[in-house]
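Secondary and tertiary structure notes
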Amino acid sequence: MIQQVNIGEIIDPAPARVVVTHDDAGQVSATFDLAGLPRVDGMLTGRAVGEVPSLVERLCGICPQAHHLAGVRALESLAGLDGIPVAAQELRRLLHYGSVISIHVVGLLATFPDQALVLRQFAKLAMAAAGSPGHFPTTAIPGGVTTPVVAEKRTETLDMVPQALEAARAVWESVSVLPSLPDHFEGADVALVDERGNLDLFGEYLRVVGGGGGVLIDSVASDHWDSMVAETDAGSSAPRPYLLPLGPDQGAYRVGPVAQLRVAPLGTPHSARLQKQWLQSGGGAPQARATIILHCVEVIEQILTDPILILDKVAVPWKEEFAAGVGVGWVDGARGLLVHRYQTGERGVVESAQILTPTAQNEPWLASLLTQAASGSTGNVHHMEAAIREADPCLPCSSAPVGAMGLVVDTDVRG
C-alpha cells in the first residue's frame, strides 16, 4: 500500500491547538494536538535503507543534523560496523554540539539578539569545521566522516570561544532570575551518557532517572532499544511512548534539557557549576537550555583542541551491504532524544521504520504542563503559551514572540 504524505504539512505545520476537557467531577485535563506533526515513517517502507537518512534530514529543516547523525548510526548498526576512528567520532560530535547551539539560539533572538547572533555565528563555524558549512549536513558517512577537520574553520571557531562563552554566560545570568514553572511531572527523565556516566549529547548509552531522582536504568546501548521503549499508539502523531520496564501506566518519560540536567552530571567546569545551582534552585526549562548552551561551547572547545582531529584517520572502509535485521541510531538533540530504527529484509530494503522525535516523547510532559495551566482560576491562554514554551515542541509556535503564538483552545465538556 502506498502512503501519501503532504510535504506542505511537514514543512508548515498546523497552528498550535490545545484541547481542554472538563468532566462532570470538575476535573480538568489538557492536551496538545500533534496532528500538525505527521509521522514520516510510512514513507520509508520499501526504500533502500541507505537512502533513508538523507531523505529524512531534508524533511525536517529544523534539526537536519540530528536526523543525519542518528540515521548514519542506524546504518552502521545494521551493517555491523565498528572501529569508527576517534577523529571521525569527534567530528560528528562537533557537528552535533554546534547544531544544538544553533537550534537553541532561535528562541533567544527576540529577547537576547546580540548574544544569540554571536552564538549562532559560533555554531555555524563549528559545523563548518566539521565539514558541513550549509544548512543540510554532509559530514557523516557509514564508517566515518567525509573530510578531516577544516583547518581554517577550526582556527576561526577557537578564536571565537571567549566571545561565545561570554554570550552564553550573559544569557544564563539573565534567564536565571526568571520565575520557573512548577515541575509536577511524575514520569521519568531520559538522556544519553558516556562510558563514565557523564551527560553526552552524542552518547552511546541511555540512562533513565525516576521522578524521585533515583537511577532506574544506569546505561543501555542502542541495540537494547526494543526492550526499552514501546509506543502505545504506534505510528500515530501522538504515539505516547512508554518505558517497557515500567509498563504503559507508569512508564511515561520526558527528554530534553530538563531531563538532561537531571539525568547525569556535566563534564565541563563552568556548566557543571551552573548545573548544581539549577538542581538546588529547582530551575525550569529556560535555565536548563541556557546551561546546555554553555556546556556545548565548552565541549566544542575541548574537541577542537584535541590533536587526535589531525593525527587520526577519518573513515574505515565498508561494503555497502545491509543484511536483514534491525539497526538503531540515536542522538540527544536540543529538544532531546531522537531515535531512528530501521528494520530491513533481504537486499537492505526497509520493511518498517520508527523515527521517534523529542516532541512525540514529550507529549505527556506537555499535557501535564497544560493541565496545570488550564486548572483553577489562573488558567488562560498566556499560561498555556508559557507551558508550551517550557516543553518546547518542534513547531514554529515555540519560538513565536510572547502573545503571538496563535494558540487555539478548544473546550470539551464531558458528562
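Structure first, text after, so check above.
Remember, it's a predicted structure, so these values are computed and weren't measured experimentally.

Parameters at a glance
- Residues numbered from 1 in each chain as written.
- Predicted model: local features only at pLDDT ≥ 70, side-chain atom pairs only at ≥ 80, totals over all residues.
- Heavy atoms only, no water.
- Helix = DSSP H or I, 4+ residues; strand = E, 2+ residues; numbered from the N terminus.
- Buried < 20%, exposed > 50% of the residue type's maximum accessible area, 1.4 Å probe, protein only.
- Areas by Shrake-Rupley, 256 points an atom, 1.4 Å probe, with all protein chains shown as cover.
- Lys, Arg positive; Asp, Glu negative; His and termini not counted.
- Charge placed at Lys NZ, Arg CZ, Asp CG, Glu CD.
- Core = buried A, V, L, I, M, F, W, Y, C linked by side-chain atoms within 4.5 Å.
- Contact = heavy atoms within 4.5 Å.
- Salt bridge = Lys/Arg side-chain N within 4 Å of Asp/Glu carboxyl O.
- Pairing = 2+ DSSP bridges.
- Phe/Tyr/Trp six-rings, centres within 6.5 Å; stacked < 30°, edge-to-face > 60°.
- Lys NZ or Arg CZ within 6 Å of the ring centre and 35° of its normal.
- Expected span 1.5 Å × (residues − 1).

For the rest of this paragraph, the subject is the overall build of the chain. The secondary structure content of the chain amounts to 15 helices and 14 strands. With respect to the principal axes defined by its C-alpha atoms, the chain has extents near 65 × 55 × 40 Å. A total of 415 residues make up the chain; the buried ones form 54% of that total. As displayed, the chain has an accessible area near 17,700 Å², and 53% of this comes from carbon and sulfur atoms. Averaged over its 27 positive side-chain charges, the chain has a centre that lies 3 Å from the centre of its 45 negative ones.

Counting residues in hydrophobic clusters, the biggest one holds 109 residues, and the most contacted among them are V18, F32, L94, I101, L119, L370 and I388. Look past the residues within four positions of V18 in its chain and what remains in contact with it is A30, T31, F32, L370, M384, I388, L407, V408, V409 and D410. In this structure, L192, M228, W330 and L337 belong to the second largest nonpolar core, which totals 19 residues.

For the structure shown, the criterion picks out 18 salt bridges. The closest approach of N and O atoms between D218 and R207, which form a salt bridge, is 3.1 Å. Taken together, the residues D218 in strand 7 (residues 215-221) and R207 in strand 6 (residues 205-209) connect sequence positions 11 residues apart. D218 sits in the partly exposed class, given a relative accessible area of 46%. Residue R207 is classed as buried on the basis of its relative accessible area of 11%. The partner of D392 in a salt bridge is R335, and the shortest N-O contact between them spans 3.3 Å. Taken together, the residues D392 in the loop between helix 15 (381-391) and strand 14 (408-413) and R335 in the loop between strand 11 (325-333) and strand 12 (336-344) connect sequence positions 57 residues apart. Both residues of the pair, D392 and R335, belong to the buried class. Taken together, the shared-partner salt bridges in this structure form one network comprising D183, D189, R254 and R262.

On to the sheet that holds strand 6. Spatially, 4 strands are ordered 7-6-5-10 in an open sheet, and the strand pairing comes out mixed. The sheet terminates laterally at strand 7 and strand 10 (253-254), the two strands that pair on one side only. The sheet contact formed by strand 6 and strand 7 spans 4 bridges and is antiparallel. From the neighbouring strand, V209 faces strand 7, where its bridge partner is V215.

So, on to the side chain of E385. If you trace the backbone, E385 turns up in helix 15. With relative accessibility at 5%, the residue E385 sits in the buried group.

Under the criterion given, the structure shown has 2 aromatic pairs. If you follow R73 out to its NZ or CZ, it ends over the ring of F202, 3.7 Å from the centre.

To continue, consider the pairing of strand 12. Within strand 12, 8 of the 9 residues are buried, which leaves the element mostly enclosed by the surrounding structure. As defined by bridge partners, strand 11 adjoins strand 12 across 9 bridges and the pair is classed as antiparallel. Across the sheet, D332 pairs through a bridge with L337, a residue of strand 12. The antiparallel hairpin formed by strand 11 and strand 12 contains 2 residues in its connecting segment. As defined by bridge partners, strand 12 adjoins strand 13 (residues 350-356) across 6 bridges and the pair is classed as antiparallel. For H340, the partnering residue across the bridge sits in strand 13 and is I355. Between strand 12 and strand 13, which follow one another and run antiparallel, lie 5 residues, and R347 among them has a positive phi close to 65°.

Let's shift gears to helix 4 (residues 64-79). Turn by turn, an α-helix covers 3.6 residues, leaving residues three or four places apart pointing in a common direction. In a regular helix each residue adds 1.5 Å, so 16 residues correspond to 22 Å; helix 4 covers 22 Å between its end C-alpha atoms and thus fits that length. Buried residues dominate helix 4, accounting for 14 of its 16 residues. Just downstream of helix 4, G80 is the residue with a positive phi angle, here 70°.

Below, the discussion takes up unusual backbone geometry. What you tend to see is this: most non-glycine residues have negative phi, and most peptide bonds are trans. Backbone geometry places R240, a non-glycine residue, at a positive phi of 50°. Following the sequence through the fold, R240 ends up in the loop between strand 8 (229-231) and strand 9 (241-243). A residue is classified by how much of its surface remains accessible, and R240, at 34% relative accessible area, is partly exposed. The phi torsion at R347 lies on the positive side, around 65°, for a residue other than glycine. For R347, the location among the structural elements is in the loop between strand 12 and strand 13. Judged by relative accessible area, which is 73%, R347 ranks as exposed.

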